[in-house]
Amino acid sequence: QSIAQEVVGLLCMVLLTLTALVANTVVILVILKTPLLRKFIFVCHLCAVDLLSAIFLMPLGIISSSSCFNRVIYSIAECQGLMFLNICFISASILTISIISVERYYYIVHPMRYEVKMTIRLAVAGVIFIWVKSVLITVLALVGWPQGNGATSASRCTVYWSPGAHKKVFVIIFSIACFVLPAIIIFAVYCSVYRVARMASLQHAPVPAQAPAPRHRSDSIASQVTIITTRNLPLPRLTPERFLGSNKAILTLVLIVGQFLCCWLPFFAFHLHSSVTTGVAGGGHGEMVVTWIAYSSFAINPFFYGLLNRQIREELARLWRSCLNRPLGQELCLSVSEASVQENFLQFLQRATCTLETHASCISPSPRNRLDQTKMGFPIPGQVPEESS
């Protein structure tokens, strides 16, 4: 039974590593080869960080976790290098996810402000901030390590191998800066986005036929929404299409936040418990399990933040067909009723703004519609691509 467990564990680790390599490489290539998708700068950066983790960090994690490599010995410099990669890539990945969530919030809730302020310079500054913060946290972890030509087995090369009181301080700072604060940001941002989408789906319902129309009013989106919000009319009942879209929005919200918590909560909870209770901990089966649960995020992220995007999937299918020399066929065009079943969370936001205008005008907004949107008291999260990143 012990041998079977070792084999299954080794196969799972290898499978996760290969999945992270292939999925992140595919998303990066699709974004770089498609000019219209190069706006997904932070998604591309997240996949690049996860790809580096799959190349350098996960193979070393296999050596440290599997009993097949018990005879592998690390020097102090090699163990320090492993810890540097481990903490730096974990910090960069989580911070990038946090920035993606904030970017989505402004891209959906404040689209005009996003178009003005979201520049290449700001994106580069965000990437620099991610790496500076990650490196600073990593340097703090390496303070107090022993010097000399010592060595340790690969399985004992953890942050707890170098004892010291500062390890407790580091683990607490690391957990707060790279898990607690990002988790609060992600949860708060996606809840705010869903609340805005829910309000928009109710306020953009068609005006009842029996309602008398005021004279000398414009046909803009702003005036129609004003009529709905100012008149004492009962809230419109959700149609089956809206109900399905709302449920799928909730499901996608739960998946995005739940995936983050499931991958990283055991990891940080284990290290916080080990640091606070004993102060010194080394290796062990528990640390191996929570570490690889956290590493699974590197393989899951390209699906949640890359391939979940319909634009990226369509470009991937187009590139795949072009490589196979097959005809591209007819473009995929979803109607509002079809999207209610097939849409994801961010597509639901797009559909919520398409009830007062035609579907074509929502895809290609006119300058007049953009001008009307700026006059509204309630920010409509519309006139954006089907999914934002």
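See above for the structure.
Residues numbered from 1 in each chain as written. Predicted model: local features only at pLDDT ≥ 70, side-chain atom pairs only at ≥ 80, totals over all residues. Heavy atoms only, no water.

Within the protein chain, the regular secondary structure consists of 14 helices and two strands. Across the 389 residues of the protein chain, 46% fall into the buried class. Contacts spanning at least 24 positions in sequence make up 83% of the contacts within the protein chain whose residues lie at least 6 apart. (Helix = DSSP H or I, 4+ residues; strand = E, 2+ residues; numbered from the N terminus. Buried < 20%, exposed > 50% of the residue type's maximum accessible area, 1.4 Å probe, protein only. Contact = heavy atoms within 4.5 Å.)

A few words on the environment of Ile76. Mapped onto the elements, Ile76 comes out in helix 3 (residues 76-109). Given the relative accessible area of 7%, Ile76 is considered buried. Counting along the chain gives 75 residues from Ile76 to Ala151, while the straight-line C-alpha distance between them is 5.6 Å.

Before going further, it helps to spend a moment on the nonpolar core. Ranked by size, the top nonpolar core spans 64 residues in total, and within it Ile90, Phe170, Phe174, Trp264, Phe268, Phe298 and Tyr305 carry the most contacts. Elements represented by at least two residues in this core include exactly helix 1 (2-33), helix 2 (41-65), helix 3, helix 5 (120-142), helix 6 (166-203), helix 8 (240-277) and helix 9 (285-307). Leave out the neighbours within four places in its chain, and Trp264 touches Ile90, Ile94, Phe179, Ala294, Ser297 and Phe298. Residues Ile108, Val109, Val193 and Val196 belong to the second largest nonpolar core, which totals five residues. (Core = buried A, V, L, I, M, F, W, Y, C linked by side-chain atoms within 4.5 Å.)

For the structure shown, the criterion picks out 13 aromatic pairs. Here Trp292 and Tyr295 contribute two aromatic rings whose centre-to-centre distance is 5.1 Å and whose plane-to-plane angle is 80 degrees, an arrangement assigned as edge-to-face. With Trp292 and Tyr295 both in helix 9, this residue pair falls three residues apart, about one helical turn. You can call Trp292 buried: its relative accessible area is 7%. Through a chain of ring-to-ring contacts, the aromatic side chains of Phe170, Phe174, Phe179, Phe260, Trp264, Phe267, Phe268, Trp292, Tyr295 and Phe298 assemble into a single cluster. (Phe/Tyr/Trp six-rings, centres within 6.5 Å; stacked < 30°, edge-to-face > 60°.)

Helix-helix packing: each pair is described by the crossing angle between the helix axes and the interaxial distance. Across the interface, helix 1 lies against helix 10 (residues 310-323) with an axial gap of 10 Å and an inter-helix angle of 85 degrees. Put simply, helix 1 runs roughly perpendicular to helix 10. Here Val26, Val30, Ile31 and Lys33 of helix 1 lie close against helix 10, whose contacting residues are Ile312, Glu315, Leu316 and Leu319. When grouped by side-chain class, the residues that make up the contact of helix 1 with helix 10 number six nonpolar, no polar and two charged. (Axes fitted to C-alpha atoms, helices over the stretch in contact; angles between N-to-C directions. Parallel < 35°, antiparallel > 145°, perpendicular 65-115°, else oblique. Nonpolar A, V, L, I, M, F, W, Y, C, P; charged D, E, K, R; others polar.)

A complete count under the given rule lists one disulfide for this structure. The partner cysteine of Cys79 in its disulfide is Cys157, sulfur to sulfur 1.9 Å. Judged by the sign of its S-S torsion, about 120 degrees, the bond between Cys79 and Cys157 is right-handed. With Cys79 in helix 3 and Cys157 in the loop between strand 2 (151-153) and helix 6, the pair connects residues that are 78 residues apart, well separated along the chain. (Disulfide = S-S within 2.5 Å.)

Now for a nonpolar patch on the surface. A cluster of nonpolar side chains, Phe84, Val135, Val139, Leu140, Val143, Val169 and Ile173, forms an exposed patch at the surface whose accessible area comes to about 510 Å². Of all elements in the fold, only helix 5 and helix 6 reach the threshold of two or more residues within the nonpolar patch. When residues of the nonpolar patch are assigned to their parent elements, the largest contribution, three residues, is made by helix 5. On the secondary structure map, Val143 appears in the loop between helix 5 and strand 2. (Patch = residues over 30% accessible without salt bridge, like charges linked within 9 Å, V, L, I, M, F, W, Y side chains within 5 Å. Areas by Shrake-Rupley, 256 points an atom, 1.4 Å probe, with all protein chains shown as cover. Salt bridge = Lys/Arg side-chain N within 4 Å of Asp/Glu carboxyl O.)

Shape is all these values report; function is a separate question.
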